[in-house]
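Okay, here's what each chain looks like letter by letter:
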Amino acid sequence: MEHITNAASSDAYTSSVQNALSVLTTLHITSYMWMPETDVKDSVDAEYEYIVVGAGTAGAIVAGRLAQSQARVLLIEAGGDPPIETIYPGLALYTRWSEIDYNFTVSSQPYHHDCLEEPYFTLHAGKVLGGSSTISIMLYERGNKQDFQRWVTASNDDSWSWENVLKYFKRTEKMEDQAILNSPYRQYHGLDGPLIVTRETRMEVDAYHSIVQQLGGKVILDLNSNETVGYSRAQYTLKDYRQSTATAFLKASDTSTYLHLLKNTEVTKIILDDNNRAVGVKAKRNNKMYTFNASKEVILSAGVINSPKLLMLSGIGPKEHLECKGIEVKVDLPVGKNYHDHIGVVIAHRLQKSNETLTQVDVREYPTTAIIGYVAINESKKYPDYVLSGHFVYGKDAAKLPLQENAFYDRYRSCIRNTLYRESKRHNMLYAFISNPTPLSRGTVTLRSSHYKDQPVIDGNFCSVEVDLEHHIDFLQHYTRVQNTEIFMQLGSKLLNPIEKKCGKYEMGSRKFWRCYIMCMMSPRNHAVGTCAMGSVVDSKLRVLGVQGLRVADASIIPVIPSVGTYAPTMMIGEKAASMLIEDM
Ligand SMILES: Cc1cc2nc3c(=O)[nH]c(=O)nc-3n(C[C@H](O)[C@H](O)[C@H](O)COP(=O)(O)OP(=O)(O)OC[C@H]3O[C@@H](n4cnc5c(N)ncnc54)[C@H](O)[C@@H]3O)c2cc1C
């Protein structure tokens, strides 16, 4: 690592590690851990009741639960077994921009992406068993009552209220944090689900909590409860190794006669009969096309981009758009509209000097120390105005974080990364991401062509609603008060400005300065939702409107983004979808 001194050498190092890891992948050294696949010839002839498309965050749960209820299920996944770098949390950085990442390209006019190496953002998503849960940061956050009330309004169904979905969150979870288990918050947690949840234990978080308390902030033991404003130690789906929906539902020991799994098999179309009933799917594997049949239902769990893509390729989508792509229209629905994501803006605090070489990093831990804050500007408010997720990085190597493009979500220009590196060298650092929990701007996902191989066109349209930008400026002005606290001053904290050339003409901290900073440094947080939204594309039981025997169960059905990350809410959707399917059996 000593030779990493700038963005170019860091990129070269990252890609050499990724190449080495991909060689390990070809040796299939982790294959023994995962559910084996079925013989494709058997699947063509088999009589399945259900086909689930995508063994990702939600899909693995839907298929697993259906099979536990003795339904005959075929689960089809485009990716393969999770490789070694997905198992050790400390290697998670190498999963992005790798072969198990779809690396979707997201444009977002009218921003000119001045700060990015390429003129677009990247939306990461896992192409692997467990889907994005296999490459995520594993932060386990559920969202608040108001978040789910918006879903109730969109779906016109009270079963999506916070009180009513709580049992589905609990069903997947095995909370193992003793402090929570010994507290009244225990009632909000699952104790015997298949997915272990733990809490950040590192000491630095206490120091940060003293700082926010000086500013009047409340420290809460458990923000995955009925308490919705405050700061807390982050909860993760991590115990020595990554816990994902693949480790929870698709381990070698989960093998069941009811569940058949096909890996490295890409569904290209849903087959609808003359009455618009879904009766099966077409899929490609090793360059051969196959047809698989389902007697009851097809469930699409291919994620926020590929679920709308598959619907549109099958004739379900906006009429004009499908006609323009030469696709026969089966049902005219606003598929692909309502795309939205959290926008985060990174703030770099240089803290005290440090010449310490950190002891060997433990790859079983997440590499940085996380803090979480749901912050209300008016403290009497019950719901957060903005969300802070922060990483402390310690020791003389802390400066390397901005060089590793994988550590942030987007490829900032080399000059930005090099400036951050130079200015943070031999100092401890705090990187804070300030996100707008409820953006109003909406983008679109449309087909590039009628060929399944082509990536869809994604227009993020971020901050196109002026109020999103104005709110973000408020959030940054409120957040950066932390610089003036006694502890930060004692640490000699400095707010770094890596875009001095671009925004230096404005007084630092002024609204004009922050507007300029946001326009340059903002990036989507990989929490994209909304492209097959409940209320407009699917009903409250997740059935595609105007079609029989077809549901969508993944992050795409979320009508309004929750204030938090979408990992735990998507697992909840998987559990609720499975429960609704089982009820309708
Ligand atoms: C890098 C990253 C970090 C994140 N970190 C966090 C976090 O820490 N906390 C948080 O709350 N949220 C986080 N998120 C967001 C969260 O993980 C996702 O929103 C959620 O996992 C999405 O789940 P899903 O079921 O909708 O899709 P996915 O989990 O992506 O599953 C879709 C699956 O379908 C498969 N598939 C797609 N097309 C086809 C096809 N045609 N045929 C067959 N299979 C197909 C895919 O390969 C994939 O396995 C993160 C996301 C990413 C990408």
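The residue count restarts for each chain, going from 1 along the sequence in the order it is written. Side-chain atom pairs in this predicted model are given and counted only at pLDDT of 80 or more, local residue features only at pLDDT of at least 70, and totals for whole chains, interfaces and linings cover all residues. The side-chain quantities take in all heavy atoms of the structure and omit both hydrogens and water.

The name given to the protein in an unreviewed UniProt entry is Glucose dehydrogenase [FAD, quinone]-like isoform X2, with Spodoptera litura as the source organism. UniProt positions are given in the numbering used here, feature names are shortened, and annotations may be inferred rather than shown by experiment. Word for word, the UniProt comment on the protein under Sequence similarities (unreviewed entry) is "Belongs to the GMC oxidoreductase family." Listed under Cofactor (unreviewed entry) in UniProt, the entry text for the protein is "FAD".

Participant: Got a minute to help me understand the overall build of the protein in this structure?
Facilitator: In DSSP terms, a helix is any run of H or I states spanning at least four residues, a strand is any run of E spanning at least two, and both are numbered starting from the N terminus. If you tally the helices and strands in the protein, you get 18 helices and 25 strands. The reference for a compact globule is 2.2 Å times residues^0.38; the radius of gyration itself is calculated from the C-alpha atoms. Against the globule reference of 25 Å for 585 residues, the protein gives a C-alpha radius of gyration of 23 Å, in line with a compact fold. With the principal axes as the frame, the protein shows a C-alpha extent of 70 × 50 × 50 Å. Counting over 585 residues, the protein shows a buried share of 61%. Residues count as neighbours in contact if any of their non-hydrogen atoms are within 4.5 Å of one another. Within the protein, contacts between residues at least 6 apart in sequence are counted, and of these 73% link residues at least 24 apart. Throughout, the Shrake-Rupley method with a 1.4 Å probe supplies accessible areas, and for residues the shown protein chains are the sole cover considered. Total accessible area on the protein is roughly 22400 Å²; 49% of this is exposed by carbon and sulfur atoms. Residue burial is assigned from relative accessible area. The probe radius is 1.4 Å, only protein chains are included, and a residue is buried under 20% of its type maximum, exposed over 50%, and partly exposed in between.

Participant: How do you make sense of the sheet that holds strand 22 (residues 457-459) when you look at a structure like this?
Facilitator: Backbone-to-backbone hydrogen bonds pair the strands of a sheet. The strands run either parallel or antiparallel. Pairing within the open sheet is mixed, and its four strands lie in the order 4-3-22-21. Where the open sheet ends on each side, the last strands, each with one partner, are strand 4 (121-123) and strand 21 (444-446). Sheet twist, expressed as the mean angle between neighbouring strand axes with direction ignored, is 35 degrees. A pair of strands is treated as paired once DSSP finds two or more bridges between them. The pairing of strand 3 (residues 104-107) with strand 22 spans two bridges and is classified as parallel. Its bridge partner being in strand 22, V106 is matched across the sheet by I458. The strands touched by helix 10 (residues 303-313) are strand 3, strand 4, strand 21 and strand 22; relative to strand 21, the strand with the most contacts, the crossing angle is about 45 degrees. Angles here are taken between N-to-C directions and fall from 0 to 180 degrees, while the axes themselves are lines fitted to C-alpha atoms, restricted in helices to the stretch in contact.

Participant: Honestly, the layout of surface pockets in this entry has me stumped. Any pointers?
Facilitator: In this approach, a probe sized like a water molecule rolls over the atoms, and the result shows the empty space that is left. Here a cavity denotes a set of grid points, spaced 1 Å apart and computed over the protein atoms alone, in which a 1.4 Å probe fits but from which it cannot get out, and a pocket denotes an open set meeting protein on both sides within 12 Å along at least five of seven lines; residues with an atom within 4 Å of a point are reported as lining. Grid points are joined across faces, edges and corners, and a volume is the space filled by probe spheres set on the points. Approximately 520 Å³ is the volume attributed to the second largest pocket. Lining of the second largest pocket is provided by 26 residues; of these, T25, D81, P83, E99 and I100 occupy positions nearest its centre. Those elements giving two or more residues to the lining of the second largest pocket turn out to be helix 1 (7-26) and helix 4 (84-87).

Participant: I'm lost on helix 6 (residues 162-172) in this one. Help?
Facilitator: Within helix 6 the residues assigned to the buried category are W162, V165, L166, Y168, F169 and T172. Tucked into the core, helix 6 has its buried residues touching helix 3 (57-68), helix 5 (145-155), strand 5 (173-175), strand 6 (195-199), helix 9 (245-249) and helix 18 (567-583).

Participant: Which parts of the structure should I look at to understand the state of the cysteines?
Facilitator: Disulfide: a covalent bond connecting the sulfur atoms of a pair of cysteines. Note on disulfides: each one is a pair of cysteine sulfur atoms within 2.5 Å. A complete count under the given rule lists two disulfides for this structure. Here C115 engages in a disulfide with C520; their sulfurs sit 1.6 Å apart. One quick way to see it: the torsion about the S-S bond of C115 and C520 is about 85 degrees, and its sign makes the bridge right-handed. Of this pair, C115 sits in the loop between strand 3 and strand 4 while C520 sits in helix 17 (residues 511-521), and the two are 405 residues apart along the sequence.

Participant: When you look at the site of the ligand in this model, what are you seeing that I'm missing?
Facilitator: Taken together, 38 residues sit near the ligand, with T57, E77, Y102, S132 and T566 positioned nearest. Within 3.5 Å is the distance limit for a polar contact, defined as a pair of N or O atoms, with the added protein rule that one can donate a hydrogen and the other accept it, and that residues adjacent in sequence qualify only through two side-chain atoms. Here an oxygen atom of the ligand and a backbone polar atom of A58 are 3.1 Å apart. In the environment of the ligand, an oxygen atom lies 2.6 Å from a nitrogen or oxygen atom belonging to the side chain of T566. Burial of the ligand by the protein chains amounts to 97% of its free accessible area of 1000 Å². When residues of the shell around the ligand are traced back to their parent elements, those giving at least two are helix 3, strand 12 (266-272), helix 10 and helix 18. In this text, near means that some heavy atom of the residue lies within 4 Å of the molecule or strand in question.

Participant: Mind showing me how you'd approach the packing of aromatic side chains here?
Facilitator: We describe a pair of aromatic rings using the distance from one ring centre to the other and the angle between the two ring planes. Each Phe, Tyr or Trp ring (for Trp, its six-membered ring) is paired with any other whose centre lies within 6.5 Å, and the angle between the two planes then decides the class: stacked below 30 degrees, edge-to-face above 60, tilted in between. Taken as a whole and judged by the stated rule, the model has 15 aromatic pairs. Considering the side-chain rings of F148 and F169, the 5.9 Å spacing of their centres and the 75 degrees angle between planes classify their relative orientation as edge-to-face. One end of the pair, F148, is in helix 5; the other, F169, is in helix 6, with 21 residues separating them in the sequence. The pair F148 / F169 is uniform in exposure class, with both members buried. Geometrically, the ring pair formed by F513 and W514 is edge-to-face, given 5.0 Å between the ring centres and 70 degrees between the ring planes. Through a chain of ring-to-ring contacts, three or more aromatic side chains come together here, namely F148, W151, W160 and F169. Only when the NZ atom of a Lys or the CZ atom of an Arg is both within 6 Å of the ring centre and within 35 degrees of the ring normal do we say a charge sits over the ring. Sitting over the ring of F433, R525 keeps its end group 4.2 Å from the ring centre. Across the ring face of W160, the terminal group of K576 is positioned such that the distance to the ring centre comes to 4.2 Å.

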